[in-house]
Amino acid sequence: YISKMRLFATISLILLTLYSKSSTSEFVTAYPNNQFYHKIISPTKKIIEEGWKVGDIKQGWWKYYSSNGILIEEGAFSENKKSGFWINYNMNGSKQSEGFYYDGLKSGNWIYYDSKETISSEGEYANNLKDGYWKNYTADILISEGWMIKNKQALHWKYYNEKGIFTHSINH
């Protein structure tokens, strides 16, 4: 048992290059229980993606980067599918959106941000479709709100002016 642990400790400390294709490299660190930490490096030596796998299956937290090394997306995987909380970033590094995935599909509450990271819209998804109550903002001021059903405006929608004062409503 002790010799197996020493062998594991030795292997886990060595960063192995698994393949190199077009100067893009994948580095893997081995851990117990068939777990591996992967890093894919670009030809310019920037990390493109990194995260955990169990065997060949993405499992746990992953991060994806632009070719310039800017973090553009991060979140959890379960059984090779996005599952749990995810954050997306603009190319300038500011937050673009955040929300939940279930079984690879957007599900639950999502929030979208403008370039100043103020909320531009928020609402519910079901099976990757806007399906629930949504609110839209301009410069932190509510400009519309209402129900979405399968990506389409439905039922009663309220609209507001640039000062956030109610102007009219429409039934869909």
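About the thresholds
Residues numbered from 1 in each chain as written. Predicted model: local features only at pLDDT ≥ 70, side-chain atom pairs only at ≥ 80, totals over all residues. Heavy atoms only, no water. Helix = DSSP H or I, 4+ residues; strand = E, 2+ residues; numbered from the N terminus. Buried < 20%, exposed > 50% of the residue type's maximum accessible area, 1.4 Å probe, protein only. Contact = heavy atoms within 4.5 Å. Areas by Shrake-Rupley, 256 points an atom, 1.4 Å probe, with all protein chains shown as cover. Phe/Tyr/Trp six-rings, centres within 6.5 Å; stacked < 30°, edge-to-face > 60°. Lys NZ or Arg CZ within 6 Å of the ring centre and 35° of its normal. Salt bridge = Lys/Arg side-chain N within 4 Å of Asp/Glu carboxyl O. pLDDT = per-residue confidence, 0-100. Pairing = 2+ DSSP bridges.

This part is about the overall build of the chain. Secondary structure summary: the chain contains one helix and 14 strands in total. The buried share of the chain, reckoned over its 172 residues, is 33%. Pairs at least 24 residues apart make up 2% of the contacts formed inside the chain by residues separated by at least 6 positions. Working note: accessible area of the chain is about 10700 Å², and carbon and sulfur atoms make up 56% of it.

What follows concerns the packing of aromatic side chains. For any pair of aromatic rings, the description consists of the separation of the ring centres together with the inter-plane angle of the planes. Inspection of every chain in the model, using the stated rule, returns 16 aromatic pairs. Judged by centre distance (5.4 Å) and plane angle (80°), the ring pair of Phe 77 and Trp 86 falls under edge-to-face. The same class applies to Phe 77 as to Trp 86, namely buried. Centre to centre, the rings of Tyr 101 and Trp 110 are 5.4 Å apart; their planes meet at 85°, and the pair counts as edge-to-face. The burial state of Tyr 101 is the same as that of Trp 110; both residues are buried. Grouped by ring-pair contacts, the aromatic residues Trp 62, Tyr 64, Phe 77, Trp 86, Tyr 101, Trp 110, Tyr 112, Tyr 125 and Trp 134 constitute a single cluster. Residue placement shows Lys 58 over the ring face of Trp 62; its charged tip is 4.6 Å from the ring centre. Between the NZ or CZ atom of Lys 130 and the centre of the ring of Trp 134, over which it lies, the distance is 4.7 Å.

What follows covers the environment of Ser 83. If you trace the backbone, Ser 83 turns up in strand E7 (residues 81–89). Judged by relative accessible area, Ser 83 falls into the partly exposed class, the value being 23%. Distance from Ser 83 to Tyr 102, taken between C-alpha atoms, is 4.7 Å for residues 19 residues apart in sequence.

Right, let's get into the pattern of salt bridges. Enumeration over the complete set of coordinates arrives at four salt bridges. Ionic pairing is found between Glu 49 and Lys 58, a salt bridge with its closest N-O pair at 3.8 Å. Across the pair, exposure class does not vary: Glu 49 and Lys 58 are buried alike. The shortest N-O distance in the salt bridge between Lys 95 and Glu 98 comes to 3.4 Å.

Per-chain confidence: the chain averages 88 in pLDDT, with 87% of residues scoring 70 or above. The low-confidence segment residues 1–21 (pLDDT under 50) makes 22 contacts with residues lying over four places distant or belonging to another chain.

Two strands pair when backbone bridges link them, and strand E12 (residues 141–149) and strand E13 (residues 152–160) are joined in this way by six bridges, in the antiparallel orientation. Residue pairing across strands places Ser 144 opposite Tyr 159, the latter belonging to E13. Connecting E12 to the antiparallel partner E13 that follows it, the hairpin turn spans two residues, and Lys 150 within it adopts a positive phi of roughly 50°. Pairing of E13 with strand E14 (residues 166–171), which is carried by five bridges, proceeds in the antiparallel orientation. By the bridge assignment for E14, Trp 157 is matched with Ile 170. In sequence, E13 turns back onto E14 through a hairpin of five residues, with Gly 164 there showing a positive phi of about 85°.

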